[in-house]
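Overview (structure and organization)
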Amino acid sequence: MPVSDISYRKRFLTKDNVYLPHLVIIEKIIDETPDTRTFHFNFKDKGLREEFPFKSGQFGEYSIFGIGEAPFCISSSPTRYDRLEFTVRRVGSLTNALHRLSVGAEIGFRGPYGNGFPLDLLEDKNLVFVAGGIGLAPLRSLIWNVIDNRDKYKNIDIIYGARSPADLCFKYDLKNWDKDKSINMVTTVDKGDKTWKGRVGFVPQVLEEVAPSADSAVAIACGPSIMIRFTFPVLAKLGFTPEQMITTLEKRMKCGIGKCGRCNIGNLYVCRDGPVFTYAQIKDFISDEY
Amino acid sequence: MNQKISKKDISKLLDELGKEFKVFSPSRESGVTTFAEWDGRDSSFLEWYRNTVISPKAQLQPLYEKMFSFHKDKEGYHLELPPPTDKKLIFGIRPCDAKALTIIDKTFQDTYQDPYYLDKRKNTLLVGLGCTNPYDSCFCTSLGLSPTQSSDVDLMLTDIGDEFLIEAVTDRGMKLIKKTSYLKEVTKTDEAKAEEARRQASSKVTRRLDTKDLAKRLLSSFDDQDFWEKVSNKCISCGICTLLCPTCYCFDISDELVKKEGSRFRSGDSCAFPVYTKMPMENPRLEKWRRVRQKVCHKYEFYPMSFEVIACSGCGRCIRLCPVNWDITQILASLPVKVKA
Ligand SMILES: Cc1cc2nc3c(=O)[nH]c(=O)nc-3n(C[C@H](O)[C@H](O)[C@H](O)COP(=O)(O)OP(=O)(O)OC[C@H]3O[C@@H](n4cnc5c(N)ncnc54)[C@H](O)[C@@H]3O)c2cc1C
Ligand code: SF4
Ligand code: SF4
Ligand code: FES
């Protein structure tokens, strides 16, 4: 899925310079878990919002001036025009600095980059979403996208898990999807606590128990690489072919546009050719360095 | 029609060119050979210059480069791009180093235009100087290049004794010749001398790299961990072979902040360093053999897959300058899996 057509994005460049970020303002901050926050943002030049096109699964390079830049996916859906969101887990220097921001802060944003999810492949299909932890961030954009075009898709299963009840992201969305009769929402945690009444078990395990049919289905899995490694075999057991399994890959990135070199897996760049790949594509990778 | 110039007129020529361009020529800076701005000193480089440690690629993609600066006031942040690039002329670039630029152009032009590199590239004239005294680490001829001829420069000079023969390779080069003083018409004898100089130079490049089916051979050796461990054993991951390679272009992006004034800059980076791919939780190329494999395969397997050209011009720096004598030609000659014809 190469993203060779960037004409839509060219219009959106600042001074014709792809590395020059747009200024965006943090409008709202939501505590998702003890280490994860969602930031609602908008362009400082509000008119830009109208020109800003993105697809579910694409990412941006966000920066705090003086600290640095890092890639995060856009966790809101393009179908919700009033929303631009990204969700950050605190792991290092920039992510910690982002967590220290308050509403009104001005940061840099460039994007959208990457291929995004192949919506045309999902149409008229039963969809199985499998997510772990912060892996729900890119999937959430897609899930809302699908819900907002509900009649284009058939059954929807969502299997989402986190380490503990406190580590579940987007609890407000989980509630919504749980209430939605047209969705089979399954939430699980690795380890419960006193108040947890839901399922306990690792995501791949729970997926095997829920056992969604592979018939005319596509599974989209996002989460820690260890979860993905255990999820693919389960899906295979359920009858999913490599073409029916989709995931996103994560590599260290700097430029986000296939120039700085570091995010390659063999001849591919995750920033340019991904981050969304089918398992069929991944199996054909020259290298196992992901 | 070709022209020629007397060697003793080179200083005057560079002075003249200096009026229109920022001229860069081979120079020794604190003991390291590099291309530095011509300041009218003298043209003694013509005697010692074989090839520089720091390739002229550094004029187009510097090891450190400011991308933009920023400052904050009560209205918020203001970003400012660096001033547009000067018109530059690189005098004396070797065919291998000129080819290297043509190779990395592909990356900087791919999908998104890289404004910093491409602006400089567009505004830089290349005056090539044939290489008559190659090192034993050079293997440009194995990559289809000639040490004395190049289609990657604007003008090409060949040493014919007391003079250089000058060929215009591009229209830009032709235009430059037309307005340059100190040039003379060449004779048949001059042409013959140049031909002989070219022939001799090519025969002095004796190191060979067999590029036939190289990408395929690498592909079939890719999973041979024992082989990669063996050939990476002595490497100390210093990064020299990549940071000084004219076809390596990887970079890092960082911020710098002093009081409220700051800048974002990019700097040379190397796949030889473990931090290059380090993520908070994992590192796909923590092991040295994976990094060495990446370097080799990127040049001779992945780059040709993407851009139909090997990302190496045989300049030999990675052999010459490696502190532990790691030798790419030896390694590629010893690939374990041979592809049957
Ligand atoms: C396409 C893509 C989408 C992502 N989406 C999200 C998301 O939605 N939410 C989220 O919390 N995280 C996401 N990540 C991971 C996130 O980019 C890293 O956690 C973040 O870069 C760490 O930065 P740091 O400065 O806090 O960490 P440090 O360890 O201090 O890292 C320093 C630098 O290393 C680079 N880096 C380090 N780790 C990573 C990594 N895992 N991926 C890429 N670059 C890295 C960054 O350029 C960063 O500036 C995504 C990564 C990719 C590649
Ligand atoms: S120059 Fe030599 S020692 Fe240094 S990284 Fe390259 S191969 Fe290894
Ligand atoms: S790989 Fe070695 S020989 Fe080839 S261009 Fe780079 S430094 Fe020169
Ligand atoms: S992030 Fe620079 S090449 Fe992918």
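Along each chain, residues carry numbers from 1 onward, in the same order as the chain's sequence is written. Each chain gets a letter, beginning with A, and each ligand a number, beginning with 1, in the order they are written. Local features are withheld for residues below a pLDDT of 70 in this predicted model, meaning they are given only at 70 or higher, and side-chain atom pairs are given and counted only at 80 or more; totals for whole chains, interfaces and linings count all residues. Only hydrogens and water are set aside; all other atoms, that is, all heavy atoms of the structure, feed into the side-chain values.

**Here we look at the overall build of chain B**
By the criteria applied, helices consist of DSSP H or I runs no shorter than four residues and strands consist of E runs no shorter than two, each listed in order from the N terminus. For chain B, the helix and strand inventory stands at 12 helices and 12 strands. In terms of principal-axis extent, the alpha carbons of chain B reach across some 70 × 65 × 35 Å. When each of the 341 residues of chain B is scored for burial, the buried share is 57%. Residue pairs in contact within chain B that sit at least 24 positions apart in sequence constitute 72% of those at least 6 positions apart. Per-residue and other accessible areas were derived by the Shrake-Rupley procedure at a 1.4 Å probe size, with only the shown protein chains allowed to occlude residues. Counting only carbon and sulfur atoms, one obtains 52% of the accessible surface of chain B, whose full area is about 15,400 Å². Only protein chains enter the accessibility calculation, which uses a 1.4 Å probe; a residue is then buried when its area is under 20% of its type maximum, exposed when over 50%, and partly exposed in between. Two residues qualify as a contact provided that any one of their heavy atoms is within 4.5 Å of a heavy atom in the partner residue.

**Re the overall build of chain A**
Within chain A, the regular secondary structure consists of 10 helices and 15 strands. Atoms considered for the radius of gyration are the C-alpha atoms alone. The globule rule reads 2.2 Å times the number of residues to the power 0.38. Compactness check: chain A gives a C-alpha radius of gyration of 18 Å against a globular reference of 19 Å for 290 residues, within 12% of the reference. Seen through its C-alpha atoms, chain A measures out along the principal axes to roughly 50 × 45 × 35 Å. In chain A, buried positions account for 61% of the 290 residues. Long-range contacts, defined here as pairs at least 24 residues apart, represent 69% of the contacts in chain A between residues at least 6 apart. When the 39 basic and 35 acidic side-chain charges of chain A are each reduced to a single mean position, those positions are 4 Å apart. His residues and chain termini do not enter the charge count, which takes Lys and Arg as positive and Asp and Glu as negative. A single reference atom marks each charge: NZ on Lys, CZ on Arg, CG on Asp, CD on Glu.

**Some remarks on the sheet that holds strand E10 (residues 184–185) of chain B**
Sheets are built from strands paired through backbone hydrogen bonds, the pairs being either parallel or antiparallel. Residue and element names in this part refer to chain B. In this description, strands pair whenever DSSP reports at least two bridges between them. Strand order in the open sheet made by the 8 strands is E3-E2-E6-E7-E8-E9-E1-E10, with mixed pairing throughout. At either margin of the open sheet sits one strand with a lone partner, and together these are strand E3 (32–37) and E10. In this sheet, strand E7 (residues 124–129) lies alongside strand E6 (residues 88–93) in parallel orientation, the contact comprising 5 bridges. Within E7, the residue paired with Phe 91 across the bridge is Val 127. Lines fitted to C-alpha atoms define the axes here, with helix axes fitted over just the stretch in contact, and angles between the N-to-C directions of these axes take values from 0 to 180 degrees. The sheet strands contacting helix H6 (residues 188–204) are strand E1 (3–6), strand E8 (155–159), strand E9 (163–168) and E10, and the helix crosses E9 at an angle near 90 degrees.

**A word on the domain arrangement of chain B**
All names here are of chain B. On domain assignment, one finds that chain B holds domain 1 (3–58 + 80–204) and domain 2 (214–333). Where each domain begins and ends follows an automated or database-derived domain assignment. The distance between the C-alpha centroids of domain 1 and domain 2 comes to 27 Å. Taken together, the contacts link 27 residues of domain 1 with 25 residues of domain 2. Between domain 1 and domain 2, a total of about 2,100 Å² is buried, with carbon and sulfur atoms accounting for 65% of that surface. Any Lys or Arg side-chain nitrogen located within 4 Å of an Asp or Glu carboxyl oxygen qualifies as a salt bridge. Where domain 1 touches domain 2, the interface holds 2 salt bridges. Here Asp 97 and Arg 317 are joined by a salt bridge, their closest N and O atoms 2.8 Å apart. As used in this structure description, the phrase polar contact means that two N or O atoms lie within 3.5 Å; if the pair is within protein, one of them must be able to donate a hydrogen and the other to accept it, and residues adjacent in sequence are counted only when both atoms belong to side chains. On the surface where domain 1 and domain 2 come into contact, there are 13 residue pairs in polar contact (both at pLDDT 80 or more). When residues of the side of domain 1 that touches domain 2 are assigned to their parent elements, the largest contribution, 9 residues, is made by helix H3 (residues 95–109). Looking at the side of domain 1 that touches domain 2 residue by residue, the classes come out as 16 nonpolar, 5 polar and 6 charged. Buried area is understood as the total, over both parts, of accessible area removed when two parts are fitted together, assessed with a 1.4 Å probe. When residues are grouped by polarity, Ala, Val, Leu, Ile, Met, Phe, Trp, Tyr, Cys and Pro land in nonpolar, Asp, Glu, Lys and Arg in charged, and all others, Gly among them, in polar.

**Observations regarding the interface of chain A and chain B**
Each side of the interface is counted separately: chain A has 49 residues, and chain B has 50 residues. Summed over both sides, the interface of chain A with chain B buries roughly 4,100 Å², with 56% coming from carbon and sulfur. Inspection of the region where chain A meets chain B yields 8 salt bridges. Put simply, Glu 289 of chain A and Arg 285 of chain B hold a salt bridge, and the shortest N to O gap is 3.1 Å. Counting the contacts that link chain A with chain B gives 29 residue pairs in polar contact (both at pLDDT 80 or more).

**Quick notes on the sheet that holds strand E5 (residues 76–80) of chain B**
Residue and element names in this part refer to chain B. An order of E5-E4-E12-E11 is seen for the 4 strands of this open sheet, with the pairing classed as antiparallel. Two strands in the sheet have a free side with no partner beyond their single neighbour: E5 and strand E11 (251–258). Ignoring strand direction, the axes of neighbouring strands in this sheet form an average angle of 25 degrees. Here 8 bridges tie E11 to strand E12 (residues 261–268), and the two strands are oriented antiparallel to one another. Residue pairing in the sheet places Glu 256 in a bridge with Ser 263 of E12. Running at roughly 125 degrees to strand E4 (residues 64–73), helix H4 (residues 115–122) makes contact with E4 and E12 of the sheet.

**Section: the pattern of salt bridges**
Oppositely charged side chains are able to pair whenever their charged atoms sit close together. Scanning all chains against the criterion turns up 45 salt bridges over all chains. Linking Asp 148 of chain A and Arg 80 of chain A is a salt bridge whose minimum nitrogen-to-oxygen distance equals 2.7 Å. Highlighted residues: Asp 148 of chain A in the loop between helix H5 (136–147) and strand E8 (156–162) and Arg 80 of chain A in the loop between strand E4 (68–73) and strand E5 (85–89), separated in sequence by 68 residues. For Asp 148 of chain A, a relative accessible area of 31% puts it in the partly exposed group. The class for Arg 80 of chain A is partly exposed, based on a relative accessible area of 30%. Three or more residues joined by partner-sharing salt bridges are found here, namely Asp 288 and Glu 289 of chain A together with Arg 285, Glu 287, Arg 290 and Arg 293 of chain B.

**A few points about the nonpolar core**
Ranked by size, the top nonpolar core spans 104 residues in total, and within it Phe 129, Leu 139 and Trp 177 of chain A together with Phe 91 of chain B carry the most contacts. Excluding residues that lie within four positions of it along the chain, Trp 177 of chain A makes contacts with Leu 136, Arg 140, Ile 143, Trp 144, Ile 147, Ile 158, Ile 183 and Met 185 of chain A. Remark: nonpolar core denotes a set of buried residues (Ala, Val, Leu, Ile, Met, Phe, Trp, Tyr, Cys) joined through side-chain atoms within 4.5 Å. Core analysis: the next-biggest nonpolar cluster, separate from the first, contains 28 residues, Ile 286 of chain A together with Phe 222, Cys 297 and Ile 310 of chain B among them.

**Thoughts on H4 of chain B**
Each full turn of the α-helix corresponds to 3.6 residues, which orients residues three or four apart in the same direction. Among the 8 residues of H4 of chain B, 6 are classified as buried, and the element is accordingly described as predominantly covered. Its buried side turned inward, H4 of chain B meets E4, E6, H3, E7, helix H5 (171–178) and E12 of chain B.

**Some remarks on the site of ligand 1**
Taken together, 22 residues are adjacent to ligand 1, and Pro 71, Thr 87, Thr 95 and Glu 250 of chain A together with Pro 280 of chain B come closest. In the model, a nitrogen atom of ligand 1 is placed 3.1 Å from a nitrogen or oxygen of the Cys 73 of chain A main chain. Measuring from an oxygen atom of ligand 1, one finds a backbone N or O atom of Ser 93 of chain A at 2.9 Å. Starting from 830 Å² of accessible surface for ligand 1 in isolation, the protein chains cover 87%. Proximity criterion: a residue is near a molecule or strand once any of its heavy atoms comes within 4 Å of it.

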